[in-house]
Amino acid sequence: MSYSDPLPIGVIPEDTNFKPKKMRAWVIRKERHGEPMQSFQEEELPVPECGPNDVLVLVVATGINFNGVWAGLGEPISVLDVHKQDLHIAGSDCSGIVWDVGSNVKSWKKGDEVIIHCGVESEEPHSNMTQSNGDFISYDPMVSKQAQIWGYETPNGCFAQFTKVQAQQILKKPKHLNWEEAASYALCYFTAYRMLVTKAKVQPGEVVLVWGAAGGLGVFAIQICKMLGAKAVAVVSSKDKFKMCEELGAVGVINRKDFPNLAYKKNETSEETAARFKEMKNFGKKIWEILGERKSPNVIFEHPGETTFPTSVFVCERFGRVVICAGTSGYDCSFDVRYLWMLQKDVIGSHFANALECIRANELVHQGLINPVVSEIFNYDEIPKAHQLMYENKHSGKMVCLVQGEKK
């Protein structure tokens, strides 16, 4: 069978030795930063060439994440100023087929069905090790100043027919998942795994408050809590999301819209601040009501940031932990620090996951202990539309787009 150059969308060639010279890709350029429907434009580009430690993957399906929205907006800074290239292909979640391997790659071969994690390691010696009194004590790629998130801090993500990654980013695709499910979970799930398992060290019996529990991060946070024997209290934006959270393992669900004065606003008046503090107390009482006792969350799973952070610090239990990985509602978090130091609470920053955490977390998917939750499936030509829906908060759960996968 003959194939065109570039490949038609929605086609997986039977011959893995066929490698087109060109590919179709959704590209962001600095001069068109803005909302996704403006910033994402399709272009025809050369197919990347593998270096010695690289793997080229045919993209079958790709997940949609908020970092694609940020990349398009150019906020808080332009990613093109980070990686210093004149174009950016976003996309940090992918399932696909190994199409070529570098000369040093021994663990993967053409035709392997894989997923990709987005942690790019530095290739500089010792750059990923922490030091204590001059001695190297541990290896964690996330320590390195050169650590990057593929598809955000690098110019070559997976909103294209082919993507090039480091061999260490490749993980085996779970056989029981279809391409869409396999493309949906790596970034959000591995981020949630590091937050709760490695950073917050959630223990059996602890209570974890999960913001955005029906979203990409939240659906995995609930499942991780259940697996660890912790009690997840889910916070969502509408009543129709209750059932899904309960089915995933939440012990109770709160509709944040029942607390209209809860969100922090910049330049609050004194009256608005007073109303917010009253609402935070009501929110805390709702948690007690769910748990059937006057017990506050030991851990707060944070990612909205600016609007929710004051409440997170306030309702967290004495000696509790607020673990945060993002600021989708804003980065400037303002809160009453007395509730932090007087009750000796911890604020913990977390960023994606290291390679070992990705491997361990992925094994739980292979075992069926953690399951992806795909809400909507789009076609390749709808990648900008999917990001626009995310930008306007008109989506739920995890959106996935097919690339070389068969069109629906």
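Keep in mind that what you see is a predicted model, and the values were worked out from it rather than measured.

**Quick word on the packing of helix α5 (residues 186-199) against helix α11 (residues 355-366)**
Here comes step 1: Running from amino to carboxyl end, α5 crosses α11 at an angle of 105°, the nearest separation of the two axes being 10 Å. On the basis of the axis angle, α5 is roughly perpendicular to α11. Within the contact between the two elements, α5 uses Y189, F190, Y193, R194 and T198 and α11 uses E357, C358, R360, A361, N362, L364 and V365.
Here comes step 2: When its residues are assigned to classes, the contact of α5 with α11 shows seven nonpolar, two polar and three charged.

**Some words on the environment of R338**
Here comes step 1: Residue position: R338 is located in helix α10 (residues 338-341).
Here comes step 2: Sequence separation between R338 and F314 is 24 residues, and the spatial gap between their C-alpha atoms is 9.3 Å.
Here comes step 3: Within polar-contact distance, the side chain of R338 engages the side chain of D336 at 2.5 Å.

**Focus on the packing of aromatic side chains**
Here comes step 1: In total, this model carries 17 aromatic pairs according to the counting rule given.
Here comes step 2: Taking the centre distance of 5.4 Å and the plane angle of 50° together, the rings of Y189 and F190 count as tilted. This pair shows no difference in class: Y189 is buried, exactly as F190 is.
Here comes step 3: Clustering of aromatic rings is evident, with ring pairs tying together Y185, Y189, F190, Y193, F220 and F352.

**Observations regarding the nonpolar core**
Here comes step 1: Judged by nonpolar contacts, the single largest core of 110 residues is most densely connected at I89, Y189, F190, L196, V208, C245 and F301.
Here comes step 2: The dominant element in this core, judged by the number of residues it contributes, is α5, at nine residues.
Here comes step 3: In terms of nonpolar packing, the next biggest core, distinct from the first, is built from 21 residues, L209, L262, L291 and V315 among them.

**Examining helix α6 (residues 218-228)**
Here comes step 1: Extensive coverage of α6 is indicated by the burial of eight of its 11 residues.
Here comes step 2: Regarding α6, the residues found buried are G218, V219, F220, A221, I222, Q223, I224 and C225.
Here comes step 3: Contacts from the buried residues of α6 go to α5, β12 (207-210), β13 (231-236), α7 (242-248) and β15 (299-302).
Here comes step 4: One or two positions beyond α6, positive phi appears at G229, with a value near 80°.

**Things to note about the pattern of salt bridges**
Here comes step 1: Following the criterion strictly, the structure yields 19 salt bridges and no others.
Here comes step 2: When the shortest N-O distance is used, the salt bridge between R29 and E43 registers 2.8 Å. With a gap of 14 residues between them, R29 in the loop between β1 (22-27) and α1 (36-39) and E43 in strand β2 (residues 41-46) connect regions that are remote in the sequence.
Here comes step 3: Taking the relative accessible area as the measure of exposure, R29 reaches 17% and is therefore buried.
Here comes step 4: For E206, the salt bridge is made with R321, and the minimal N-O distance between the two is 2.9 Å. In this pair, E206 is assigned in the loop between α5 and β12 and R321 in strand β16 (residues 321-324), connecting sequence segments 115 residues apart. R321 shares its class with E206; the two are buried.
Here comes step 5: Linked through salt bridges whose partners overlap, the residues forming this network are K19, E49 and D100.

What counts as what
- Residues numbered from 1 in each chain as written.
- Predicted model: local features only at pLDDT ≥ 70, side-chain atom pairs only at ≥ 80, totals over all residues.
- Heavy atoms only, no water.
- Axes fitted to C-alpha atoms, helices over the stretch in contact; angles between N-to-C directions.
- Helix = DSSP H or I, 4+ residues; strand = E, 2+ residues; numbered from the N terminus.
- Parallel < 35°, antiparallel > 145°, perpendicular 65-115°, else oblique.
- Contact = heavy atoms within 4.5 Å.
- Nonpolar A, V, L, I, M, F, W, Y, C, P; charged D, E, K, R; others polar.
- Polar contact = N/O pair within 3.5 Å; in protein donor to acceptor, adjacent residues only side chain to side chain.
- Phe/Tyr/Trp six-rings, centres within 6.5 Å; stacked < 30°, edge-to-face > 60°.
- Buried < 20%, exposed > 50% of the residue type's maximum accessible area, 1.4 Å probe, protein only.
- Core = buried A, V, L, I, M, F, W, Y, C linked by side-chain atoms within 4.5 Å.
- Salt bridge = Lys/Arg side-chain N within 4 Å of Asp/Glu carboxyl O.

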